[in-house]
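The residues making up each chain are set out below.
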Amino acid sequence: MSLGKKILLLLKDEISEIEYKRYISQLSYDLESSKSDLAIFNAPNPLIANWAKTRYAKKIAHLFEVETNVQTDVQIKLKKESSETIKDVLVAKPVQQKANKISLLNPSYTFANFVVGSSNQFSYTAAVSVAESPAKGYNPLFIYGGVGLGKTHLLQAIGNVIQENGGSVIYTTIEQFLNDFTRHMRNQTMDRFKEKYRKCDILIIDDIQFLSGKKQTQEEFFHTFNDLHAQSSQIVLAADKHPKQIAGLEERLQSRFEWGLVADIQPPELETKIAIIKKKCELDRVALSNEIINYIATIISNNAREIEGILTKLHAHATLMNQEITLEFTKNVLKEQIREKRDSITIEHIMTIIAKELNIKPSEIRSKSRSRNIVYARRISIYLCRTLTPNSMPTLAQYFGMKDHTAVSHTMKKISQMLKEDENFRLKVEELSNKISLDDNSK
Ligand code: ADP
Ligand code: MG
């Protein structure tokens, strides 16, 4: 049965039998002209066309969206000579329906394309295990970690495996879940909502942190969760925080999220970043030397999402200017990106990192102490605040409790001298500078 036919049958449940017979059963789905986000129906005469348009088009659009998760425009046209009705019936197309569902999962988010390192091994292993035997081990699986660390990738990899194995998968974000819920409430089609979310083998919900403070969604999600869990459907969730740390999350949900396995993803180490860049190069068919790959790995923050942007940028520039991608070229192309990052660095951020790295309190760095390690830390702080932030020398003098800007200028000269003469010192300053520029909190 075509998707359009199926939708009309669903509509049948919602309207009177006479209405259905008189109008809806007369419509035929135009399979050829319809697209995944546009459904066209043909009506035999203007009366039915108009009637259907004003009375049912909205409802039909809604049903499409519920069924396929794709927002669909519905058009009702006057039938032309050659009717598509027969074709519509003959070319049975659960396929089309499936295609809509598949498009929600990114086919390149697979386990094979996921680079495993110690930072993400735990979540990766848990995800593979869930994909291989859903609802047998960890239920729910809750993955958490910072932005761009691969949570969505792992979630969809699970979905892709289960879908390949013939299971029915719902992948959605908590925001979509909320929208869907609200719409069904409004249209008084809650039973449809329930059916949709409770009749799947696996429900995967991303960005769970947005449940925070949304009482009604939490309530609904709570029931969805319980039903799925009771009927042994797998649930997989991801958030940027541990369930305990999501503010405004009901305790009963929080505790349920911890029923199965809570797995974290940490920021990748340098080797993992390099491996991810190599993987993306391979997928995007961009050839880069190891030197360039290493360079990119040191300038990106922990967010692997930046990699794709960088590769696209490099590739576009190189093609446009008909130039080979060299290290020099890469540095030039990415200059702005680095500058942007630096623009967002604050004095406080620098102080936090230096204090942590050198194991000294920020207040000590700003104190007048003459002890050696504090003087050392203060000098580096002043130097890095001056070079990495747009603050003026008078501002810095005030911040560090110095007499005036000449004192800052003096320190800057002193450090420049030390950088020239002392290789170890230079490396240390460079390391700190990189840590500061590359840290995600600087945003
Ligand atoms: P999150 O959902 O945690 O914010 P994503 O899953 O959207 O992060 O990942 C961002 C991008 O980085 C995606 O393109 C993803 O494929 C890629 N990525 C992240 N971690 C890895 C990894 N370990 N291996 C391969 N690609 C990764
Ligand atoms: Mg994500």
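In this text, all values refer to a predicted model and were calculated from it rather than measured experimentally.

(A) Seen up close, the domain arrangement of the protein. Domains assigned within the protein are domain 1 (3–78), domain 2 (95–265), domain 3 (270–333) and domain 4 (342–442). Each of domain 2 and domain 3 has a C-alpha centre, and the two are 31 Å apart. Across the interface of domain 2 and domain 3, roughly 750 Å² is buried in total on both sides, 58% from carbon and sulfur atoms. Applying the counting criterion to the domain 2 and domain 3 interface returns zero salt bridges. Applying the counting rule to domain 2 against domain 3 returns two residue pairs in polar contact (both at pLDDT 80 or more). Of the residues in the side of domain 2 that touches domain 3, the class split is four nonpolar, five polar and no charged.

(B) Fine view of the site of ligand 1. The local shell around ligand 1 holds 18 residues, among which Gly148, Lys151, Thr152, His153 and Arg305 are the closest. The contact in question runs from an oxygen atom of ligand 1 to an N or O atom on the backbone of glycine 148, over 2.7 Å. Contact between ligand 1 and arginine 305: an oxygen atom at 2.5 Å from a side-chain N or O atom of the residue. Contact with the protein chains hides 96% of the accessible area of ligand 1, taken as 550 Å² for the molecule alone. Going through the elements one at a time, α7 (151–164), α12 (270–284) and α14 (305–320) are the ones with two or more residues in the shell around ligand 1. In terms of residues, the shell around ligand 1 owes the most to one element, α7, which gives three residues. Tallied by class, residues from the shell around ligand 1 come to seven nonpolar, seven polar and four charged. Structurally, the shell around ligand 1 is a two-domain feature, drawing no fewer than three residues from each of domain 2 (95–265) and domain 3 (270–333).

Conventions adopted
Residues numbered from 1 in each chain as written. Chains lettered and ligands numbered in written order. Predicted model: local features only at pLDDT ≥ 70, side-chain atom pairs only at ≥ 80, totals over all residues. Heavy atoms only, no water. Domains from an automatic or database assignment. Buried area = accessible area lost by both parts, 1.4 Å probe. Salt bridge = Lys/Arg side-chain N within 4 Å of Asp/Glu carboxyl O. Polar contact = N/O pair within 3.5 Å; in protein donor to acceptor, adjacent residues only side chain to side chain. Nonpolar A, V, L, I, M, F, W, Y, C, P; charged D, E, K, R; others polar. Near = heavy atom within 4 Å. Areas by Shrake-Rupley, 256 points an atom, 1.4 Å probe, with all protein chains shown as cover. Helix = DSSP H or I, 4+ residues; strand = E, 2+ residues; numbered from the N terminus.

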